[in-house]
Amino acid sequence: PMSSQASASPMRGELAVMGATAAVVLAADQATKALVVASIGLGQQVRVIGDLVMLWHVRNEGAAFSLFQGGQLLFYAVTALALAMLVYFSRALRGRGALLHVVLGLILGGTLGNLVDRVRLGYVTDFISVGIGDLRWPTWNVADASLVVGIVALVVYLTFFDRQRTEASA
């Protein structure tokens, strides 16, 4: 029989990968937001690639991509639910590899990046604007991008690549 220490070791490694990924995302998110706040006035735009990609310093009191303005209590509840889901997934997907825990770390880091802003400032700093003229995607930040990439990667993994789930349902 395996000792509890031997069986806990892979999970500790996966949790370390998840935590390290989240820390990198959180640091990158907060650093880029601080840089934008320090160098671009609120409401100002800086063209990066013509009209296609701009840095546009805005305050977002809504959810990801400026959706659902106001309602801070709702965002705290959704954040708590997201954190609970991450705990569930980190346990349920234990032993499935470090890459999957990088994905969970992307989601955790993005969640924490915007939570830090909400708690500290009451809003989230967004600054990446993509579009043409007035036809623009809602402005976003590193945390939003990390959340979207992480959630899409998790859904793709669970739908197409999770052998244990696929075998159990066959």
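It should be noted that the structure appears before, not after, this text.
Per chain, residues are indexed from 1 in the order of the written sequence. Residues qualify for local features only when their pLDDT is at least 70, as the model is predicted, and side-chain atom pairs are given and counted only at 80 or more; totals for whole chains, interfaces and linings, by contrast, use all residues. Each side-chain value is derived from all of the structure's non-hydrogen atoms; neither hydrogens nor water enter the calculation.

1. Details of the nonpolar core
Residues Leu86, Phe89, Leu93, Leu104, Leu154 and Leu158 are the most contacted members of the largest nonpolar core, which totals 14 residues. A run of H or I in DSSP counts as a helix once it spans at least four residues, and a run of E counts as a strand once it spans at least two, with each numbered from the N terminus. At the level of secondary structure, the elements contributing two or more residues to this core comprise helix 1 (4–39), helix 2 (72–92), helix 3 (98–121) and helix 4 (142–161). When residues in this core are grouped by element, the largest group, 5 residues, is from helix 3. What makes two residues a contact is simply this: any of their non-hydrogen atoms within 4.5 Å. Each residue touching Leu93, except ones within four places of it in the same chain, is listed here: Leu100, His101, Leu154, Leu158 and Asp162. Of all hydrophobic cores here, the second largest spans 5 residues; its members include Ile40, Phe127, Ile128 and Trp140. We call a set of buried residues a nonpolar core when its members are Ala, Val, Leu, Ile, Met, Phe, Trp, Tyr or Cys and they connect through side-chain atoms within 4.5 Å of each other. Only protein chains enter the accessibility calculation, which uses a 1.4 Å probe; a residue is then buried when its area is under 20% of its type maximum, exposed when over 50%, and partly exposed in between.

2. So, the sheet that holds strand 4 (residues 135–136)
Taken together, 4 strands build an open sheet; the order of strands is 1-2-3-4 and the sheet is antiparallel. Whereas interior strands pair on both sides, the edge strands pair on one side only; in this sheet they are strand 1 (45–49) and strand 4. The criterion for strand pairing is that DSSP finds at least two bridges linking the strands in question. Looking at chain direction, strand 3 (residues 124–132) and strand 4 are connected through 2 bridges and run antiparallel. Bridge pairing in strand 4 places Gly131 opposite Arg136.

3. Thoughts on helix 4
To estimate how far a helix should extend, the number of its residues minus one is multiplied by 1.5 Å. Here helix 4 contains 20 residues, and its C-alpha end-to-end distance of 27 Å stays within 8% of the 28 Å for a straight helix at 1.5 Å per residue. By the burial criterion, the buried members of helix 4 are Ala143, Asp144, Ser146, Leu147, Gly150, Leu154, Tyr157 and Leu158. Nitrogen and oxygen atoms within 3.5 Å of one another constitute a polar contact, given that in protein one can donate a hydrogen and the other can accept it, and given that sequence-neighbouring residues count only through two side-chain atoms. The N-capping residue of helix 4, defined by a side-chain oxygen 2.9 Å from the backbone nitrogen of Ala143, is Asn141.

4. Observations concerning the pattern of salt bridges
Take a side-chain nitrogen of Lys or Arg and a carboxyl oxygen of Asp or Glu: if they are within 4 Å of each other, that pair is a salt bridge. One pass over the structure, following the stated rule, counts 5 salt bridges. The salt bridge involving Lys33 is made with Asp117; its shortest N-O contact spans 2.9 Å. Of this pair, Lys33 sits in helix 1 while Asp117 sits in helix 3, and the two are 84 residues apart along the sequence. For the pair shown, Lys33 and Asp117 are each scored as buried.

5. Quick notes on the side chain of Ser129
Tracing the sequence through the fold places Ser129 in strand 3. With relative accessibility at 0%, the residue Ser129 sits in the buried group. Of the polar contacts made by the side chain of Ser129, one reaches the side chain of Arg136; its length is 2.7 Å.

6. Remarks on the packing of helix 2 against helix 3
Geometry is summarised by axes, namely lines fitted to C-alpha atoms with helices restricted to the contacting stretch, and by angles between N-to-C directions that run from 0 to 180 degrees. Contact geometry for helix 2 and helix 3: axes closest at 11 Å, N-to-C directions at 160°. Judged by the inter-axis angle, helix 2 sits roughly antiparallel to helix 3. Handedness of the crossing formed by helix 2 with helix 3: left-handed. On the side of helix 2, the interface is formed by Gln72, Phe75, Tyr76, Thr79, Ala82, Leu83, Leu86, Phe89 and Ser90, while helix 3 contributes His101, Leu104, Ile107, Leu108, Thr111, Leu112, Leu115, Arg118 and Val119. Our angle categories are set so that under 35 degrees counts as roughly parallel, over 145 as roughly antiparallel, 65 to 115 as roughly perpendicular, and the remainder as oblique. Here a crossing is taken to be left-handed if its near helix is turned anticlockwise relative to the far helix by less than a right angle, and right-handed if that turn runs clockwise.

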